[in-house]
Structure formats: C-alpha cells, structure tokens
Amino acid sequence: MTTALHDKFARLGLESLYSEEACRELEAEFASIRALKKEHNAILLAHNYQRPEIFEVADFVGDSLELARRAVDVESDAIIFCGVHFMAETAKILNPSRKVILPNLNAGCSLAEAADAEAVVARAEELRRTYPDLAIVSYVNTTAAVKAVTDVCVTSGNAVRIVNSLPNSAVLFIPYKNLAAYVQENTSKKIIPWEGDCYVHHQMKPSDILDVKKNFPDAKIMAHPECRTDVLGIADAVLSTAGMIRYAKESPATEFIVVTECGLSDRLLMEVPEKKFYKSCNLCRYMKMITLADTKRSLQRMAPEITLPADIIEKASGSILRMLELSA
C-alpha cells in the first residue's frame, strides 16, 4: 500500500528517489522534526529552491521578499532557516534577539560571494565623481556587510519598482549584472552593474528552453529576472518565484515551462496538481546542501547559529527595512 507522501512525490516524477519504504522513514523523521520544533519553540522557514522533503516540515515557504517579511513577524524563540547563508543573515538582522540556525554553514551563494563591502564603497566613491547623487542598491543576495553599506535592498520581484521610486538619477546595482540589465530595461535611470552572476540562471540558454517548447507548444514560459536577456526575450512572463506561483495559479493556461532553479518546479507540482509544469532549469548546489538530516540535527543541537556584529546588524537593518517599506 502506497503512502500519501509517496503518491505526492510520484506526481513530481521522483518515485525512483523516494520509494515507499523511504517515504515511510521520511514520515517518521517529519514527526520527530515537528516535535523538536515544538520543544524548542522554533519556526522553520524555507526558500522555494529547497528539497521537496524540506517543504513538508516548513512552517513557511517563500521567496526572499516573502521570507524577509515573515522573519519580521516571528514570535518564536528560534528560527531554523532552510536556505542559504545570506538569507539566514537577513533573518538575524531582522531578529537580533532571536537565535537563527542555518542547518549547513557551507550553504553559501555565488552571487553573495561576488561583492565585498570595501570594494563596493570604493567603487561608489569613484562613481560619485561622475554621478553625485548615486544610490547603492543591493540585491538581497549579498552579505550582511554589503547590506550595511547599501542605501536600499531589493529582490527580483520589487527591484524595478524600488529603483524607480528613488530620487537618485544613477544607481550602482550590486551584485548581479543580469538583474541589473533587466532593471535598466525598465527604468530611465542610469544603472551601473556589478559584474557578479548566478551560475544557476546564467547558464540557462534559449535553445534549451525552446527545445522543451517544441514538445509542449501551448506551454507558457515563465522566466526569472536573474536569467540572461536573451532568455527573458522569449519568455511569456518574467517573474520572481513568488510571482511565478501566483501567475501559474491565476492564469487560464494549464501548461508552463519553469525557467529558474528546479526546486520551484517541485513546489508548483505539489501545490498546483491540476496543471502541468515542465522543467527547463538547473539545480543550485548551495540550496541542495540543506538536507532533512541537517535540519533535524540542527534542531537537536540548536546549532550552528548565525552571529553578526552589532554594528553590522544596525547598519544593514536600515537597507532591509527600507526595502520592506518601499515594497509594502
């Protein structure tokens, strides 16, 4: 007799990875994790790119903006953050008095590693000789130290709106050149990009997506703004991960090609079973570093904990809170 969990994973095409026996073991682990959360008065937040089994034990699943908003409202004693390092840092910045746990400290981000605070300050000083009213705008995929020297943070879903709301005529956009190019296409302001990239999205090519489209000609292409300009050019909709979920649920279309990290396709297949989702995606090795075993272990030990200097928390909170205010 199959379990409900096995049936759910089978809908994702993952039955070979999640056998009936494995699913029964997972359900026992889920129960243990839920008990540990209750024991430690902890909430588990997870990003859309996490493993499917992490979704099953998360109290909230969302994109970077949704997770930041949710972190502000946390009343639990501890936050278990199933995402990558900069996201857990953001949760700590917004909740300095609470314990924030990242199940695997090796879960980093190639984008966050692309810029350091000293280099950002030096580049801004250089640019202000030409653009005196320059603003520093940082994608949330940056370190706490970079956020501390930033005027306002943005996510893929609110970057255009926030940049257009600023009084500044020029913006140093940290750290992703593809997202900077997308913003430049949608603003009259001067956007100076930082030369970082997300290997997951930058490696996606139009030819790969169009190969999928040949087999499913009626499918709508949903692409993340982190993709290259030539990929965005063939998309029916350019959306954040949260935007993709809303679009898929509300659109009259029943078939979609999902162009972002593969974890979002898993979530869509689980949450919108009446529609079909085809993958043209890459895996993020950092997101997939977080396992269910890591998560359980972190709850048992209440470690490893994210810590930040008080001055970094104070300075970085300004850029994040300004983002939340401008995107309200």
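First, a word on scope: everything that follows refers to the structure included in this document.

Turning our eyes to something else, we now look at the overall build of the protein chain. When helices and strands are tallied, the protein chain shows 16 helices and 12 strands. By the compact-globule yardstick of 20 Å for 328 residues, the protein chain fits well, its C-alpha radius of gyration being 20 Å. Along the three orthogonal principal directions, the C-alpha set of the protein chain runs to about 70 × 50 × 30 Å. By residue count, 57% of the 328 residues in the protein chain fall in the buried class. Counting only contacts in the protein chain whose residues sit at least 6 apart along the sequence, the fraction spanning at least 24 positions is 61%. Per element, the accessible surface of the protein chain, about 13,800 Å² overall, is 48% carbon and sulfur.

This paragraph deals with the packing of aromatic side chains. Going through the model one piece at a time under the given rule, you end up with 4 aromatic pairs. Between Tyr247 and Phe256 the ring centres are 6.1 Å apart and the planes differ by 75°, which places this aromatic pair in the edge-to-face class. Residue Tyr247 is classed as partly exposed on the basis of its relative accessible area, which comes to 24%. Their ring planes at 15° and their centres at 5.4 Å tell us that Phe256 and Phe277 sit as a pair that is stacked. Linking Phe256 in strand β11 (residues 255-259) with Phe277 in strand β12 (residues 276-279), this pair joins segments that are 21 residues apart in sequence. Note on accessibility: Phe256 and Phe277 belong to one class, buried. What links up through ring pairs into an aromatic cluster is the set Tyr247, Phe256 and Phe277.

A few words now on the pattern of salt bridges. A full pass over the atoms with the stated rule returns 11 salt bridges. Among the ionic pairs, Asp211 bridges to Lys214, the shortest N-O distance being 3.7 Å. With Asp211 and Lys214 both in helix α11 (residues 206-215), this residue pair falls 3 residues apart, about one helical turn. Taking relative accessible area as the criterion, Lys214 reaches 65% and is therefore assigned exposed. Between Lys249 and Glu271 there is a salt bridge; the shortest N-O distance is 3.5 Å. Separated by 22 residues along the polypeptide, Lys249 in helix α13 (residues 241-250) and Glu271 in helix α14 (residues 262-271) bring together distant segments of the chain.

With respect to the helices and strands, the residue Lys92 is situated in helix α5 (residues 85-94). Put simply, Lys92 is tucked away with no salt bridge, and the nearest opposite charge, on Glu305, sits 4.3 Å away. Once you skip the residues sitting within four places of it in the chain, Lys92 turns out to touch Arg98, Val100, Glu305, Ile306 and Leu308.

If you trace the 4 strands from one edge of the open sheet to the other, you get β10-β9-β11-β12, paired in parallel fashion. Looking at the sheet topology across the chains shown, the edges are occupied by β10 (237-238) and β12. Where α11 meets the sheet, its contacts fall on β9 (220-223), β11 and β12, and the angle it forms with β11 comes to roughly 165°.

This part takes up the nonpolar core. Ranked by size, the top nonpolar core spans 107 residues in total, and within it Phe173, Val259, Leu268 and Met323 carry the most contacts. Among residues more than four places away in sequence, those in contact with Phe173 are Val137, Val154, Ala159, Leu179, Ala180, Val183, Ile191, Ile192, Pro193 and Trp194. Listed in part, the 12 residues of the second largest apolar core include Ala124, Val146, Ala170 and Leu172.

Attention shifts here to helix α16 (residues 310-326). Compared with an ideal rise of 1.5 Å per residue, which puts 17 residues at 24 Å, α16 spans 25 Å between its outermost C-alpha atoms and is within 8% of the ideal. In α16, a bend of some 25° at Ser317 exceeds every other bend along the element. Packing partners of the buried residues in α16 comprise α4 (64-72), α5, α7 (144-147), β6 (152-154) and α8 (159-165).

Okay, the state of the cysteines next. In protein structure, a disulfide is the covalent linkage between the sulfur atoms of two cysteines. Inspection of the entire model under this criterion finds 1 disulfide. Across a sulfur-sulfur distance of 2.0 Å, Cys262 and Cys281 are joined as a disulfide pair. What sets the handedness of the Cys262 and Cys281 disulfide is the S-S torsion sign, and at about 100° it is right-handed. Note that Cys262 is positioned in helix α14 and Cys281 in the loop between β12 and α15 (292-301), a separation of 19 residues in sequence. Under the relative-accessibility criterion, Cys281 is labelled buried at 19%. As a non-bridged cysteine, Cys198 has Cys109 as the owner of its nearest cysteine sulfur, 6.5 Å distant.

So, about α13. Looking at α13, one finds that the buried residues are Thr241, Ala242, Gly243, Met244, Ile245 and Ala248. Next to the buried residues of α13 lie α4, β9, β11, α14 and β12.

Structurally, Lys147 is set in helix α7. It is Glu89 that comes nearest to the buried, bridge-free Lys147 among opposite-charge side chains, at 5.5 Å. From its side chain, Lys147 meets the backbone oxygen of Val140 in a polar contact 2.8 Å long. If we skip the residues at most four places from it in the chain, Lys147 touches Phe86, Thr90, Ile93, Val140, Thr142, Cys153, Lys315, Ala316, Ser319 and Ile320.

Parameters at a glance
- The written sequence of each chain sets the order in which its residues are numbered from 1.
- A pLDDT threshold of at least 70 governs which residues receive local features in this predicted model, and a stricter bar of 80 or more applies before side-chain atom pairs are shown or counted, although totals over entire chains, interfaces and linings include all residues.
- Hydrogen atoms and water are omitted, and side-chain values are computed over all heavy atoms in the structure.
- Secondary structure counts use DSSP, requiring at least four H or I residues in a row for a helix and at least two E residues in a row for a strand, with both numbered from the N terminus.
- The atom set for the radius of gyration is the C-alpha atoms, and the globule formula is 2.2 Å times the number of residues raised to the power 0.38.
- Relative accessible area decides the class of each residue, using a 1.4 Å probe on protein chains only: under 20% of the type maximum gives buried, over 50% gives exposed, and in between gives partly exposed.
- By definition, residues are in contact when any of their heavy atoms lie within 4.5 Å.
- Method for areas: the Shrake-Rupley scheme with a 1.4 Å probe, in which residue coverage is limited to the protein chains shown.
- Two aromatic rings, drawn from Phe, Tyr or Trp (for Trp, its six-membered ring), form a pair once their centres lie within 6.5 Å of each other, and the interplanar angle then sorts them: stacked below 30 degrees, edge-to-face above 60, tilted otherwise.
- Put simply, a salt bridge is a Lys or Arg side-chain nitrogen that is within 4 Å of an Asp or Glu carboxyl oxygen.
- His is not counted here, nor are the chain ends, while Lys and Arg score as positive and Asp and Glu score as negative.
- A pair of strands is considered paired only if DSSP assigns at least 2 bridges between the two.
- Between N-to-C directions, angles cover 0 to 180 degrees, with each direction set by a line fitted to C-alpha atoms, over the stretch in contact for helices.
- Residue types Ala, Val, Leu, Ile, Met, Phe, Trp, Tyr and Cys, when buried and joined through side-chain atoms within 4.5 Å, form a set referred to as a nonpolar core.
- Multiply 1.5 Å by the residue count of a helix minus one, and that product is the helix's expected span.
- A residue's bend is the angle separating two fitted axes: one through the seven residues that end there, the other through the seven that start there.
- A pair of cysteine sulfur atoms is labelled a disulfide when the two atoms are within 2.5 Å.
- In protein, a polar contact requires one atom able to donate a hydrogen and another able to accept it; more generally it is a pair of N or O atoms within 3.5 Å, and residues adjacent in sequence count only if both atoms are side-chain atoms.

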